[in-house]
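# Coordinate analysis (summary)
As a plain string of letters, each chain reads:
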Amino acid sequence: MPNTIALAKNYTSLLDEVYRNAAATADLTSDASMCKAGANANEIVYPQISVGGLGEYDRNAGYTTSAVDLKWATAKFNYDRGTKISVDVMDNEESRNLAFAQAGATLMREKVAPEADAFTFATLAGIDGISKTTGTIESAEQFLDALLTAWSQMDEDEVPQEDRYLYARVTLLNSIMSLDTTKSREVLAKFKIKKAVPQARFYTAIDLLDGKTSGEELGHYKKADTGTNLNFMIVHKPAIIKFDKHVAHNIILAKLNPDSDSDIMKYRKYGIVDAYGNKKAGIYCNHE
């Protein structure tokens, strides 16, 4: 049994690393300690605090009194997805023990990570109250101007400049980097993190396929009929809630599989992507 456990741990560590390397939005993962369990198992609550402003100071009566309003807002977990893959031990042996590891790595890189990114972007783009602009960006100069407009809007909305993350279509980010001008370098340097995102992960809305019904047997996701292509998105990390409450990627080796002579990997992720109700200005979305 110790050898079985060690082998399973090795597979799990490999899959963890593949996911972190492949997911563009892994950097946005929140500190789960900022939230607490809600009244129901499928929700969390987080604090929203507001206070009154300054008043006239009276030398006789002293200070005016400001009220402190503390509310607990509720957010529900909105992502619960999973799958199971199996590889026959002979297929694995004849591939020199590569088939099972490669199948798991391929699942993480080609399915799990892209879907996590697509769900994150589409969910944030669909939140009411965030900053949105639309238009076609055809050149690096237009993209640069759009970024400056977005940066200025967030400044006007008093979003802190620290921890602003830029996500942009691959072609757009590459075009502005190729300018290699003082202006372009200064604009890109404003962002803590800059990530190029493939268009296939970058939509305002997606449909998650259930893996069961006709036409959806392969699972994964697709661009929704109501979705449009995102050009770029700026996210102030403290403005969003993004973490996984439960991730299960168990390895069941063939010797423990009662149904077939196959190694099995089960993967499930249960989590949330949302924004704090009083920090929606920290998300800026530009789409076609």
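Described below are features of the structure shown in this document. (Residues numbered from 1 in each chain as written. Predicted model: local features only at pLDDT ≥ 70, side-chain atom pairs only at ≥ 80, totals over all residues. Heavy atoms only, no water.)

## Points about the sheet that holds strand β4 (residues 79-88)
Note: strands within a sheet are paired through backbone hydrogen bonds, in either parallel or antiparallel orientation. For clarity, the cut-off: Two strands are counted as paired when DSSP detects at least two bridges linking them. Numbered from the N terminus, helices here are DSSP runs of H or I no shorter than four residues, and strands are runs of E no shorter than two. Orientation is described by lines fitted to C-alpha atoms, with helices fitted over the stretch in contact, and by angles between N-to-C directions that extend from 0 to 180 degrees.
Here three strands make up an open sheet; going across it, the order is β4-β12-β11 and the pairing antiparallel. Each having just a single partner strand, β4 and β11 (240-252) make up the two edges of the open sheet. Ignoring which end each strand starts from, the neighbouring axes of this sheet average 10° apart. Pairing of β11 with strand β12 (residues 262-275) involves twelve bridges; the strand directions are antiparallel.

## Structural notes on the pattern of salt bridges
Threshold: Think of a salt bridge as a Lys or Arg side-chain nitrogen and an Asp or Glu carboxyl oxygen that are within 4 Å of each other. Each residue is placed in one exposure class: buried if its accessible area under a 1.4 Å probe, protein chains only, is under 20% of its type's maximum, exposed if it is over 50%, and partly exposed if it falls in between.
What the rule picks out here adds up to ten salt bridges. The partner of aspartate 69 in a salt bridge is lysine 71, with the nearest N and O atoms 3.9 Å apart. As a salt-bridge pair, lysine 192 and aspartate 163 come within 3.0 Å of each other at their nearest N and O atoms. Taken together, the residues lysine 192 in the loop between α6 (182-189) and β7 (193-197) and aspartate 163 in the loop between α4 (140-156) and β6 (164-169) connect sequence positions 29 residues apart. What makes lysine 192 exposed here is its relative accessible area of 53%. Overall, the relative accessible area of 24% leaves aspartate 163 in the partly exposed class.

## Describing the nonpolar core
Keep this limit in mind: The nonpolar core is taken to be a set of buried Ala, Val, Leu, Ile, Met, Phe, Trp, Tyr and Cys residues, with the residues joined through side-chain atoms within 4.5 Å.
Judged by nonpolar contacts, the single largest core of 27 residues is most densely connected at Leu124 and Met233. Every element with two or more residues in this core is listed here: α3 (99-125), β6, β7, β10 (230-236), β12 and β13 (283-287). Among the elements that take part in this core, α3 stands out by supplying six residues, more than any other.

## Observations concerning the layout of surface pockets
To be explicit about the condition: Note on definitions: the grid is 1 Å and covers protein atoms alone; a cavity is a set of points where a 1.4 Å probe fits but cannot get out; a pocket is an open set with protein on both sides within 12 Å along at least five of seven lines; lining residues have an atom within 4 Å of a point. Grid points are joined across faces, edges and corners, and a volume is the space filled by probe spheres set on the points.
Taken as a whole, the largest pocket encloses approximately 390 Å³ of empty space. Lining the largest pocket we find 17 residues, and of these Arg81, Gly82, Thr83, Glu115 and His220 sit closest to its centre. Residue assignment for the lining of the largest pocket shows that the elements contributing at least two residues are β4, α3 and β12.

## Topic: α4
Put simply, the rule reads: Expected span, for any helix, means 1.5 Å times one less than how many residues it has. Each C-beta atom gives one direction from the helix axis, and the arc is the one those directions make. Should any heavy atoms of two residues lie within 4.5 Å, those residues are considered in contact.
Its 17 residues place the ends of α4 24 Å apart at the C-alpha level, agreeing with the 24 Å of an ideal helix rising 1.5 Å per residue. When we look at burial in α4, the residues that qualify are Ala140, Phe143, Leu144, Ala146, Leu147, Ala150, Trp151 and Met154. When α4 is viewed along its axis, its buried side chains cluster within an angular range of 165° and face the same direction. Where α4 is buried, its residues contact β6, α5 (170-179), α6, β10 and β13. Looking at the residues trailing α4, positive phi occurs at glutamate 158, about 65°.

## A closer look at empty space enclosed by the protein
For the coordinates displayed, the defined rule picks out two cavities of 30 Å³ or more. Volume-wise, the largest cavity comes out at about 90 Å³. As for the largest cavity, its lining consists of twelve residues, and the residues nearest its centre are Tyr79, Lys242, Asp244, Lys269 and Val273. Elements supplying a minimum of two residues to the lining of the largest cavity: α3, β11 and β12.

## Re the sheet that holds strand β2 (residues 43-51)
Taken in spatial order, the three strands of this open sheet run β1-β2-β3, and their pairing is antiparallel. Two strands bound the open sheet, and with one partner strand each, they are β1 (36-37) and β3 (68-76). By the bridge criterion, two bridges tie β1 to β2 in an arrangement that is antiparallel. Residue pairing for β2: alanine 37 is matched across the bridge by isoleucine 44.

## Concerning the packing of aromatic side chains
This is how the line gets drawn: Aromatic pairs are defined between Phe, Tyr and Trp rings, using the six-membered ring for Trp, whenever the two ring centres lie within 6.5 Å; interplanar angles under 30 degrees are classed as stacked, those over 60 as edge-to-face, and all others as tilted. Only lysine NZ and arginine CZ atoms are considered, and such an atom sits over a ring when it is within 6 Å of the ring centre and within 35 degrees of the ring normal.
Using the criterion set out here, one finds ten aromatic pairs in the structure. With 4.8 Å between their ring centres and 80° between their planes, phenylalanine 121 and phenylalanine 202 make a pair best called edge-to-face. Highlighted residues: phenylalanine 121 in helix α3 and phenylalanine 202 in the loop between β7 and β8 (206-208), separated in sequence by 81 residues. The class of phenylalanine 121 is buried, set by a relative accessible area of 0%. Across the ring face of tryptophan 151, the terminal group of arginine 164 is positioned such that the distance to the ring centre comes to 4.1 Å.

## What to know about α5
Think of an α-helix as turning once every 3.6 residues; residues three or four places apart then point the same way. Turning to α5, its buried residues are Leu172, Leu173, Ser175 and Ile176. What you see down the axis of α5 is that its buried residues fit within an arc of 160°, all on one side. For α5, exposure combined with an orientation more than 90 degrees from the buried face picks out Thr171, Met177 and Ser178. Contact partners of the buried residues in α5: α4, β6, α6, β7 and β10. Aspartate 180, located one to two residues past α5, shows a positive phi value of around 50°.

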